[in-house]
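Here is how the chains run, residue by residue.
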There are 2 protein chains.
Amino acid sequence: MYKKVKVGKKILIANEECAARNSQFLAEGKKLCLNMISSPGSGKTTILVRTINELKGKIKIGVIEGDIQTDIDARKVRATGAPAIQINTDGACHLSAAQVSGALEKLPVSDLDLIFIENVGNLVCPSDFDLGENGKIVVLSVAEGDDKPAKYPGIFAKSKVMLINKIDLLDAAGLVEFDIKKVKADARRLNRNIKIFPVSARTGAGFADWCDWLAEEVKELRSE
Amino acid sequence: MYKKVKVGKKILIANEECAARNSQFLAEGKKLCLNMISSPGSGKTTILVRTINELKGKIKIGVIEGDIQTDIDARKVRATGAPAIQINTDGACHLSAAQVSGALEKLPVSDLDLIFIENVGNLVCPSDFDLGENGKIVVLSVAEGDDKPAKYPGIFAKSKVMLINKIDLLDAAGLVEFDIKKVKADARRLNRNIKIFPVSARTGAGFADWCDWLAEEVKELRSE
């Protein structure tokens, strides 16, 4: 086990060095970069597609898509007109900073204001690997249940924003049990600065506040 | 990277040796052991609770619960009267055979017919770690979307059974888009022997077939 930890640390250090280079590259261009993390099926891609459409003409967005296999998600993003680079991890459970570095070379970064990284669907492993982003966005769908911040604290503690998605399912009485107050309190106990936006990527509910926040972050970064 | 692969392999081999010992121990007692794997929030614990209640008086079930933190799930299982041992992985993204071996020592195995292992919520990493089980059960909730077998093929290729959970959400017209035929076809392309049960742990739909299958598996194992 000693050996495992030693090598594991070396990999993490190599990743951090590469993440720092990504971060510097993005900071020089004043590009906002957000790393989106969640379980599979929480709605990350649908959120991205609606976000891109709502901000069209205001903020230029590019996407780096991480998946174990397929380019389903990159194709969905490209259908909006936004550029998207697909990374296939071929079995790996998270994106690495080196993979993101390669994707940044392929994206038309100088034309963009905001770069979203959609990580591999996994609430655990991606939280340990910095990619050079300005912040992490954790997405939790109400269908996943309200005990997730307590059971998977790592990612909630590290995220700048929590999107609570699929809130339209709460309107169908009795279908989904999800105590939104409890989830907010649990997340804030782990991370008192976390911004929380309840949204529905299907209906658009809550997107005005989320998109306003994004626009404000882009503006702040530019004026620095 | 070479070193990483070499050490990673050693860890996998150590795990396989321990899994083989678990498997032998369970086989000697003719105990059926099933390893349940899914994303967080697909409904594994709720499925287990209903399964235990439906099979009460027929099949004696014990549960090994794997979570990063908390004993929320073990407490839910114990409320049914069934024994449950909670393992906290403290950050690790999957259960190991050694952890399961320790839990088997604490469970009253000789009194049981069937042992469920509920793995850490993660559709990726747990699929690489055998625990000594007779088979893996992958759970996919309809809220997660119908592209999951294509995007996370590993676990669907390796599972004995797929439970498609939360099918009651499909009745609420337009709320959830999920092509059940496509998911079945995609899963069978990866694994032509996979058994598929669409269920709702909330309403009990589909549980008769799933519980009949479990009872049949327990009977077959005993008669071997």
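The following paragraphs examine the structure supplied in this document. What you see is a predicted model, and the numbers here were worked out from it, not measured in a lab. (Residues numbered from 1 in each chain as written. Chains lettered and ligands numbered in written order. Predicted model: local features only at pLDDT ≥ 70, side-chain atom pairs only at ≥ 80, totals over all residues. Heavy atoms only, no water.)

## Quick word on the sheet that holds strand β2 (residues 61-67) of chain A
All names here are of chain A. Taken in spatial order, the 7 strands make up an open sheet running β3-β2-β4-β1-β5-β6-β7, and their pairing is parallel. Looking at strand neighbours, the two that pair on one side only are β3 (84-88) and β7 (195-198), the edges of this open sheet. On average, each strand axis in the sheet is inclined to that of its neighbour by 20°, with strand direction left out of account. Examined bridge by bridge, strand β6 (residues 161-165) and β7 share 4 bridges and lie parallel to one another. Bridge assignment links V161 to a residue of β7, and that residue is K195. Contacts between helix α2 (residues 44-54) and the sheet are confined to β1 (32-38), β2, β4 (114-118), β5 (135-141) and β6, with β2 contributing the most and set at about 170° to the helix. Its contacts with the sheet place helix α7 (residues 180-190) against β5, β6 and β7, and it is angled at close to 160° to β6. (Pairing = 2+ DSSP bridges. Helix = DSSP H or I, 4+ residues; strand = E, 2+ residues; numbered from the N terminus. Axes fitted to C-alpha atoms, helices over the stretch in contact; angles between N-to-C directions. Contact = heavy atoms within 4.5 Å.)

## Remarks on the relation of the copies chain A and chain B
Once chain A has been moved 0.0 Å along the axis and rotated by 180°, it coincides with chain B to within an RMSD of 0.0 Å. Considering both components of the superposition, the chain copies are consistent with a two-fold axis. By residue overlap, the copies meet face to face through one surface: 100% of the interface positions of chain A are interface positions in chain B. (Least-squares fit on C-alpha atoms with pLDDT ≥ 70 in both.)

## Some points on the pattern of salt bridges
Tallied over the full model, the rule gives 30 salt bridges over all chains. Residue A:R75 is joined to A:D71 by a salt bridge in which the shortest nitrogen-to-oxygen separation is 3.0 Å. On the accessibility criterion, A:R75 (48% relative accessible area) is partly exposed. B:D147 is the partner of B:K148 in a salt bridge, and the nearest nitrogen-oxygen pair spans 2.5 Å. The structure contains a network of salt bridges with shared partners spanning A:D67, A:D73, A:K76, B:D147, B:K148 and B:K151. (Salt bridge = Lys/Arg side-chain N within 4 Å of Asp/Glu carboxyl O. Buried < 20%, exposed > 50% of the residue type's maximum accessible area, 1.4 Å probe, protein only.)

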